[in-house]
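One letter stands for each residue in the lines below.
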Amino acid sequence: MNTIFINTIRDLKYLAALTIPVTAFLGIYFQGIWTYLTPVYAFGIIPVFEILLPQKNTYYSDVEQDQRSINLLFDWLLYLNIPIVYGLLVFSLFIVVSNTLKTYEIVGAVLSVGMVLGTNGINVGHELGHRQSTNERFLGKILLLPALYMHFYIEHNFGHHLHVATREDPATARYNQPVYSFWIGSIFRQYINAWRIQLKLLKNNNYLFLSLKNDMFWYIVLNALFLVVVYIFFGEIGLLFTVLSAVVGVLLLETVNYIEHYGLTRQKTSSGRYERVKEIHSWNSNHIVGRIVLYELTRHSDHHYKSSKKYQILECHDTSPQMPFGYPTSMVLALFPPLWFKIMNKRIPREMIAVQP
(Lines give C-alpha, C1' and ligand atoms only; values in the text may rest on other atoms or scores of the structure.)
Protein backbone atom coordinates (compact mmCIF):
# COMPACT_ATOMS: atom_id res chain seq x y z
CA MET A 1 0.00 0.00 0.00
CA ASN A 2 2.82 2.38 0.87
CA THR A 3 4.45 1.69 -2.49
CA ILE A 4 1.22 2.44 -4.34
CA PHE A 5 0.75 5.68 -2.38
CA ILE A 6 4.32 6.79 -3.00
CA ASN A 7 4.05 6.03 -6.73
CA THR A 8 0.79 7.95 -6.95
CA ILE A 9 2.29 11.00 -5.27
CA ARG A 10 5.29 10.77 -7.59
CA ASP A 11 3.08 10.52 -10.67
CA LEU A 12 1.13 13.60 -9.63
CA LYS A 13 4.17 15.55 -10.77
CA TYR A 14 2.36 15.97 -14.07
CA LEU A 15 0.05 18.43 -12.33
CA ALA A 16 2.96 20.79 -12.91
CA ALA A 17 1.68 21.07 -16.48
CA LEU A 18 -1.19 23.08 -15.05
CA THR A 19 1.19 25.79 -13.86
CA ILE A 20 0.98 27.26 -17.38
CA PRO A 21 -2.79 27.97 -17.20
CA VAL A 22 -2.49 28.94 -13.53
CA THR A 23 0.02 31.68 -14.35
CA ALA A 24 -2.22 32.82 -17.21
CA PHE A 25 -5.22 33.04 -14.89
CA LEU A 26 -3.28 34.97 -12.25
CA GLY A 27 -1.74 37.32 -14.78
CA ILE A 28 -5.05 38.18 -16.43
CA TYR A 29 -6.80 38.51 -13.07
CA PHE A 30 -4.29 41.02 -11.71
CA GLN A 31 -3.85 42.68 -15.13
CA GLY A 32 -1.18 45.27 -15.81
CA ILE A 33 2.33 43.94 -16.31
CA TRP A 34 1.16 40.69 -14.71
CA THR A 35 -0.48 39.69 -17.99
CA TYR A 36 3.03 38.73 -19.14
CA LEU A 37 3.49 36.28 -16.26
CA THR A 38 2.97 33.19 -18.43
CA PRO A 39 5.58 33.95 -21.13
CA VAL A 40 8.05 35.03 -18.42
CA TYR A 41 7.40 31.82 -16.51
CA ALA A 42 7.56 29.52 -19.53
CA PHE A 43 10.53 31.08 -21.31
CA GLY A 44 12.35 32.65 -18.38
CA ILE A 45 11.85 30.76 -15.15
CA ILE A 46 11.46 27.22 -16.54
CA PRO A 47 14.69 27.40 -18.59
CA VAL A 48 16.58 28.41 -15.43
CA PHE A 49 15.25 25.36 -13.59
CA GLU A 50 16.15 23.15 -16.57
CA ILE A 51 19.72 24.37 -16.44
CA LEU A 52 20.01 23.94 -12.66
CA LEU A 53 18.28 20.57 -12.35
CA PRO A 54 19.99 17.38 -13.60
CA GLN A 55 18.69 15.54 -16.64
CA LYS A 56 17.00 12.25 -15.93
CA ASN A 57 16.74 9.17 -18.12
CA THR A 58 13.78 6.88 -17.51
CA TYR A 59 13.48 3.20 -18.33
CA TYR A 60 10.56 0.92 -17.44
CA SER A 61 10.34 -2.84 -17.25
CA ASP A 62 7.62 -4.59 -19.26
CA VAL A 63 5.59 -5.03 -16.08
CA GLU A 64 5.94 -1.34 -15.19
CA GLN A 65 4.90 -0.29 -18.68
CA ASP A 66 1.79 -2.46 -18.51
CA GLN A 67 0.86 -1.09 -15.09
CA ARG A 68 1.41 2.54 -16.04
CA SER A 69 -0.44 2.12 -19.34
CA ILE A 70 -3.68 1.10 -17.63
CA ASN A 71 -3.40 3.54 -14.72
CA LEU A 72 -6.37 5.88 -15.17
CA LEU A 73 -4.67 8.61 -13.15
CA PHE A 74 -2.55 9.54 -16.17
CA ASP A 75 -5.62 9.72 -18.41
CA TRP A 76 -7.59 11.94 -16.03
CA LEU A 77 -4.64 14.28 -15.75
CA LEU A 78 -5.13 14.85 -19.48
CA TYR A 79 -8.92 15.12 -19.36
CA LEU A 80 -8.61 17.81 -16.68
CA ASN A 81 -7.18 20.14 -19.30
CA ILE A 82 -10.51 20.42 -21.14
CA PRO A 83 -12.41 22.46 -18.52
CA ILE A 84 -9.23 24.35 -17.68
CA VAL A 85 -8.54 25.45 -21.26
CA TYR A 86 -12.12 26.44 -21.99
CA GLY A 87 -12.59 27.96 -18.54
CA LEU A 88 -9.51 30.14 -18.93
CA LEU A 89 -10.59 31.29 -22.39
CA VAL A 90 -14.07 32.28 -21.20
CA PHE A 91 -12.64 33.99 -18.10
CA SER A 92 -10.15 35.92 -20.24
CA LEU A 93 -12.86 37.01 -22.67
CA PHE A 94 -14.96 38.37 -19.80
CA ILE A 95 -11.98 40.32 -18.45
CA VAL A 96 -10.99 41.72 -21.84
CA VAL A 97 -14.51 42.70 -22.86
CA SER A 98 -15.69 44.09 -19.51
CA ASN A 99 -12.55 46.08 -18.68
CA THR A 100 -10.81 48.96 -20.41
CA LEU A 101 -7.44 47.32 -20.80
CA LYS A 102 -4.44 49.08 -22.27
CA THR A 103 -2.89 47.76 -25.45
CA TYR A 104 0.10 46.23 -23.70
CA GLU A 105 -2.25 44.39 -21.30
CA ILE A 106 -4.24 42.91 -24.16
CA VAL A 107 -1.03 41.80 -25.86
CA GLY A 108 0.07 40.10 -22.64
CA ALA A 109 -3.29 38.40 -22.26
CA VAL A 110 -3.21 37.17 -25.87
CA LEU A 111 0.28 35.74 -25.39
CA SER A 112 -0.69 34.04 -22.13
CA VAL A 113 -3.94 32.51 -23.38
CA GLY A 114 -2.31 31.56 -26.67
CA MET A 115 0.43 29.69 -24.84
CA VAL A 116 -2.20 27.73 -22.90
CA LEU A 117 -3.99 26.89 -26.15
CA GLY A 118 -0.70 25.59 -27.51
CA THR A 119 0.52 23.62 -24.48
CA ASN A 120 -2.57 22.45 -22.61
CA GLY A 121 -4.73 22.57 -25.72
CA ILE A 122 -2.95 21.38 -28.85
CA ASN A 123 -0.25 19.40 -27.04
CA VAL A 124 -2.73 17.43 -24.92
CA GLY A 125 -5.03 17.12 -27.93
CA HIS A 126 -2.09 15.60 -29.80
CA GLU A 127 -1.58 13.02 -27.05
CA LEU A 128 -5.26 12.05 -26.97
CA GLY A 129 -5.40 12.01 -30.77
CA HIS A 130 -3.06 9.03 -30.77
CA ARG A 131 -5.29 6.95 -28.50
CA GLN A 132 -7.15 3.88 -29.71
CA SER A 133 -10.39 4.94 -28.03
CA THR A 134 -12.79 6.92 -30.22
CA ASN A 135 -13.96 8.88 -27.17
CA GLU A 136 -10.42 9.94 -26.30
CA ARG A 137 -9.72 10.99 -29.88
CA PHE A 138 -12.91 13.05 -29.72
CA LEU A 139 -11.68 14.75 -26.55
CA GLY A 140 -8.40 15.46 -28.32
CA LYS A 141 -10.24 17.22 -31.12
CA ILE A 142 -12.18 19.29 -28.57
CA LEU A 143 -8.84 20.57 -27.27
CA LEU A 144 -7.73 21.48 -30.80
CA LEU A 145 -10.86 23.55 -31.44
CA PRO A 146 -9.99 26.75 -29.50
CA ALA A 147 -6.78 27.02 -31.51
CA LEU A 148 -8.79 26.55 -34.75
CA TYR A 149 -6.41 23.71 -35.62
CA MET A 150 -8.61 20.62 -35.75
CA HIS A 151 -7.15 19.53 -39.09
CA PHE A 152 -3.92 18.85 -37.18
CA TYR A 153 -5.42 15.52 -36.10
CA ILE A 154 -5.62 14.25 -39.68
CA GLU A 155 -2.33 15.58 -41.01
CA HIS A 156 -0.35 14.63 -37.92
CA ASN A 157 -1.63 11.07 -37.57
CA PHE A 158 -1.89 10.16 -41.24
CA GLY A 159 0.75 12.45 -42.72
CA HIS A 160 3.47 13.54 -40.32
CA HIS A 161 4.07 10.14 -38.74
CA LEU A 162 4.35 8.59 -42.20
CA HIS A 163 6.56 11.22 -43.84
CA VAL A 164 8.55 12.55 -40.88
CA ALA A 165 12.18 13.44 -41.64
CA THR A 166 11.55 13.62 -45.39
CA ARG A 167 10.95 16.46 -47.85
CA GLU A 168 7.32 15.34 -48.08
CA ASP A 169 6.71 16.31 -44.45
CA PRO A 170 5.89 20.00 -43.93
CA ALA A 171 6.47 19.63 -40.17
CA THR A 172 10.13 18.65 -40.58
CA ALA A 173 12.45 21.65 -40.66
CA ARG A 174 15.30 21.47 -43.15
CA TYR A 175 18.94 22.07 -42.41
CA ASN A 176 19.64 25.82 -42.10
CA GLN A 177 15.96 26.69 -42.47
CA PRO A 178 14.94 29.62 -40.23
CA VAL A 179 11.95 29.06 -37.98
CA TYR A 180 10.09 31.98 -39.58
CA SER A 181 9.98 30.51 -43.07
CA PHE A 182 9.20 27.15 -41.47
CA TRP A 183 6.09 28.62 -39.82
CA ILE A 184 4.65 29.72 -43.15
CA GLY A 185 5.45 26.55 -45.05
CA SER A 186 4.39 24.19 -42.28
CA ILE A 187 1.06 25.85 -41.52
CA PHE A 188 -0.14 26.09 -45.12
CA ARG A 189 1.27 22.78 -46.33
CA GLN A 190 -0.18 20.91 -43.37
CA TYR A 191 -3.64 22.27 -44.10
CA ILE A 192 -3.39 21.35 -47.78
CA ASN A 193 -2.06 17.90 -46.89
CA ALA A 194 -4.92 17.38 -44.45
CA TRP A 195 -7.38 17.94 -47.28
CA ARG A 196 -5.45 15.59 -49.57
CA ILE A 197 -5.48 12.88 -46.92
CA GLN A 198 -9.18 13.42 -46.23
CA LEU A 199 -10.15 13.21 -49.89
CA LYS A 200 -8.08 10.05 -50.27
CA LEU A 201 -9.79 8.47 -47.26
CA LEU A 202 -13.20 9.35 -48.66
CA LYS A 203 -12.33 7.86 -52.04
CA ASN A 204 -10.88 4.67 -50.59
CA ASN A 205 -14.04 4.10 -48.56
CA ASN A 206 -16.45 5.13 -51.36
CA TYR A 207 -17.81 8.14 -49.45
CA LEU A 208 -19.05 11.31 -51.12
CA PHE A 209 -17.52 14.71 -50.40
CA LEU A 210 -20.71 15.82 -48.65
CA SER A 211 -20.57 12.97 -46.21
CA LEU A 212 -20.70 12.65 -42.44
CA LYS A 213 -17.28 11.02 -42.81
CA ASN A 214 -15.72 14.18 -44.24
CA ASP A 215 -14.03 15.35 -41.05
CA MET A 216 -12.34 18.31 -42.74
CA PHE A 217 -15.73 19.69 -43.74
CA TRP A 218 -17.00 19.34 -40.18
CA TYR A 219 -13.87 20.99 -38.82
CA ILE A 220 -14.69 24.07 -40.89
CA VAL A 221 -18.25 24.05 -39.59
CA LEU A 222 -17.18 23.61 -35.97
CA ASN A 223 -14.50 26.32 -36.22
CA ALA A 224 -17.07 28.70 -37.71
CA LEU A 225 -19.69 27.89 -35.06
CA PHE A 226 -17.10 28.35 -32.33
CA LEU A 227 -16.21 31.82 -33.62
CA VAL A 228 -19.89 32.74 -34.08
CA VAL A 229 -20.62 31.81 -30.46
CA VAL A 230 -17.68 33.92 -29.30
CA TYR A 231 -18.90 36.85 -31.40
CA ILE A 232 -22.47 36.58 -30.09
CA PHE A 233 -21.40 36.63 -26.44
CA PHE A 234 -18.26 38.78 -26.57
CA GLY A 235 -18.54 40.88 -29.71
CA GLU A 236 -15.81 42.00 -32.08
CA ILE A 237 -13.20 42.48 -29.37
CA GLY A 238 -13.79 38.97 -28.05
CA LEU A 239 -13.63 37.53 -31.55
CA LEU A 240 -10.35 39.30 -32.32
CA PHE A 241 -8.89 38.21 -28.97
CA THR A 242 -9.84 34.58 -29.65
CA VAL A 243 -8.37 34.55 -33.15
CA LEU A 244 -5.11 36.20 -32.05
CA SER A 245 -4.79 33.77 -29.13
CA ALA A 246 -5.29 30.90 -31.55
CA VAL A 247 -2.52 32.28 -33.77
CA VAL A 248 -0.15 32.38 -30.80
CA GLY A 249 -1.07 28.80 -29.91
CA VAL A 250 -0.45 27.60 -33.45
CA LEU A 251 2.91 29.39 -33.69
CA LEU A 252 3.89 27.82 -30.39
CA LEU A 253 3.04 24.39 -31.78
CA GLU A 254 4.91 25.02 -35.01
CA THR A 255 7.97 26.19 -33.10
CA VAL A 256 7.87 22.87 -31.25
CA ASN A 257 7.56 21.08 -34.59
CA TYR A 258 10.58 23.03 -35.79
CA ILE A 259 12.89 21.95 -32.97
CA GLU A 260 11.62 18.34 -32.83
CA HIS A 261 13.03 17.27 -36.19
CA TYR A 262 15.29 20.12 -37.27
CA GLY A 263 17.83 19.01 -39.87
CA LEU A 264 17.14 15.28 -39.46
CA THR A 265 16.38 13.25 -42.57
CA ARG A 266 15.67 9.64 -43.43
CA GLN A 267 17.83 8.15 -46.14
CA LYS A 268 16.46 6.21 -49.08
CA THR A 269 17.11 2.51 -49.45
CA SER A 270 18.22 0.73 -52.62
CA SER A 271 14.57 0.27 -53.52
CA GLY A 272 14.07 4.01 -53.63
CA ARG A 273 11.87 4.05 -50.53
CA TYR A 274 12.72 5.84 -47.33
CA GLU A 275 14.12 3.84 -44.45
CA ARG A 276 11.66 3.19 -41.64
CA VAL A 277 11.28 5.79 -38.91
CA LYS A 278 13.85 5.24 -36.17
CA GLU A 279 14.69 6.83 -32.86
CA ILE A 280 17.43 8.83 -34.62
CA HIS A 281 14.91 10.88 -36.60
CA SER A 282 13.70 13.06 -33.71
CA TRP A 283 15.47 15.21 -31.14
CA ASN A 284 15.18 13.98 -27.57
CA SER A 285 15.39 16.04 -24.38
CA ASN A 286 15.75 14.65 -20.86
CA HIS A 287 15.45 18.00 -19.10
CA ILE A 288 13.03 17.18 -16.32
CA VAL A 289 10.92 20.36 -16.08
CA GLY A 290 10.17 20.57 -19.80
CA ARG A 291 9.33 16.88 -19.80
CA ILE A 292 6.75 17.20 -17.06
CA VAL A 293 5.17 20.48 -18.16
CA LEU A 294 4.72 19.13 -21.70
CA TYR A 295 3.56 15.63 -20.71
CA GLU A 296 6.77 13.99 -21.92
CA LEU A 297 6.52 15.53 -25.39
CA THR A 298 10.28 15.97 -25.21
CA ARG A 299 10.66 12.19 -25.40
CA HIS A 300 9.76 12.68 -29.04
CA SER A 301 12.13 10.05 -30.40
CA ASP A 302 10.31 7.29 -28.55
CA HIS A 303 6.95 8.76 -29.56
CA HIS A 304 7.81 8.44 -33.25
CA TYR A 305 9.45 5.08 -32.72
CA LYS A 306 6.15 3.77 -31.38
CA SER A 307 3.37 6.35 -31.55
CA SER A 308 0.86 4.16 -29.69
CA LYS A 309 2.82 4.52 -26.42
CA LYS A 310 1.15 6.73 -23.85
CA TYR A 311 3.08 9.69 -22.51
CA GLN A 312 3.67 8.12 -19.09
CA ILE A 313 5.77 5.27 -20.51
CA LEU A 314 7.85 7.15 -23.06
CA GLU A 315 11.55 6.51 -22.61
CA CYS A 316 14.90 7.86 -23.71
CA HIS A 317 16.82 6.12 -26.49
CA ASP A 318 20.58 6.44 -26.10
CA THR A 319 20.96 6.51 -29.88
CA SER A 320 18.61 9.48 -30.30
CA PRO A 321 20.14 12.88 -31.03
CA GLN A 322 20.07 14.87 -27.78
CA MET A 323 19.12 18.50 -27.47
CA PRO A 324 21.56 20.54 -25.38
CA PHE A 325 18.65 22.32 -23.70
CA GLY A 326 15.05 21.64 -22.82
CA TYR A 327 12.19 22.48 -25.17
CA PRO A 328 11.33 25.91 -23.63
CA THR A 329 14.95 27.08 -23.92
CA SER A 330 15.32 25.61 -27.39
CA MET A 331 12.19 27.39 -28.59
CA VAL A 332 13.65 30.72 -27.53
CA LEU A 333 16.96 29.94 -29.25
CA ALA A 334 15.10 29.00 -32.44
CA LEU A 335 13.84 32.59 -32.67
CA PHE A 336 17.46 33.64 -33.28
CA PRO A 337 18.43 31.58 -36.37
CA PRO A 338 22.21 32.32 -36.41
CA LEU A 339 22.52 31.25 -32.77
CA TRP A 340 20.29 28.22 -33.32
CA PHE A 341 22.32 27.07 -36.34
CA LYS A 342 25.59 27.53 -34.47
CA ILE A 343 24.40 25.36 -31.57
CA MET A 344 22.42 22.69 -33.41
CA ASN A 345 24.10 22.16 -36.79
CA LYS A 346 27.19 20.53 -35.28
CA ARG A 347 24.96 18.05 -33.46
CA ILE A 348 23.34 16.71 -36.62
CA PRO A 349 24.90 13.41 -37.76
CA ARG A 350 27.02 13.86 -40.89
CA GLU A 351 25.16 11.20 -42.85
CA MET A 352 21.96 13.19 -42.42
CA ILE A 353 23.54 16.45 -43.53
CA ALA A 354 24.79 14.74 -46.68
CA VAL A 355 21.25 14.10 -47.91
CA GLN A 356 19.86 17.53 -47.15
CA PRO A 357 18.16 19.28 -50.12
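Quick caveat: nothing in here was measured; it's all calculated off a predicted structure.

I'd like a description of the side chain of Thr-255, backed by residues and values.
You can see Thr-255 is positioned in helix α11 (residues 215-261). Residues contacting Thr-255, with those up to four places away along its chain left out, are Val-179, Trp-183 and Met-331.

Go over a positive patch on the surface with me, naming the residues and quoting the values.
A contiguous patch of positive charge on the surface is contributed by Arg-167, Arg-174, Arg-189 and Arg-196. Mapped onto the fold, Arg-167 is located in the loop between α9 (152-163) and α10 (179-204). Given the relative accessible area of 49%, Arg-167 is considered partly exposed.

So what about the environment of Ala-224? Which residues, and what values?
Within the secondary structure, Ala-224 sits in helix α11. Put simply, Ala-224 and Ile-237 are 13 residues apart on the chain and 17 Å apart in space, counted from C-alpha to C-alpha.

Tell me about the pattern of salt bridges, and name the residues and values.
Applying the stated criterion across every chain yields a total of 10 salt bridges. Asp-11 is paired through a salt bridge with Arg-68; the nearest N and O atoms lie 3.2 Å apart. With Asp-11 in helix α1 (residues 2-11) and Arg-68 in helix α4 (residues 62-69), this pair connects stretches of sequence that are 57 residues apart. The burial state of Asp-11 is the same as that of Arg-68; both residues are buried. One salt bridge in this structure joins Lys-310 and Asp-75, with 3.8 Å as the shortest N-O distance. In this pair, Lys-310 is assigned in the loop between α13 (300-305) and α14 (327-334) and Asp-75 in helix α5 (residues 72-79), connecting sequence segments 235 residues apart. You can call Lys-310 buried: its relative accessible area is 18%.

Rules of the game
- Residues numbered from 1 in each chain as written.
- Predicted model: local features only at pLDDT ≥ 70, side-chain atom pairs only at ≥ 80, totals over all residues.
- Heavy atoms only, no water.
- Helix = DSSP H or I, 4+ residues; strand = E, 2+ residues; numbered from the N terminus.
- Contact = heavy atoms within 4.5 Å.
- Patch = residues over 30% accessible without salt bridge, like charges linked within 9 Å, V, L, I, M, F, W, Y side chains within 5 Å.
- Areas by Shrake-Rupley, 256 points an atom, 1.4 Å probe, with all protein chains shown as cover.
- Salt bridge = Lys/Arg side-chain N within 4 Å of Asp/Glu carboxyl O.
- Lys, Arg positive; Asp, Glu negative; His and termini not counted.
- Charge placed at Lys NZ, Arg CZ, Asp CG, Glu CD.
- Buried < 20%, exposed > 50% of the residue type's maximum accessible area, 1.4 Å probe, protein only.

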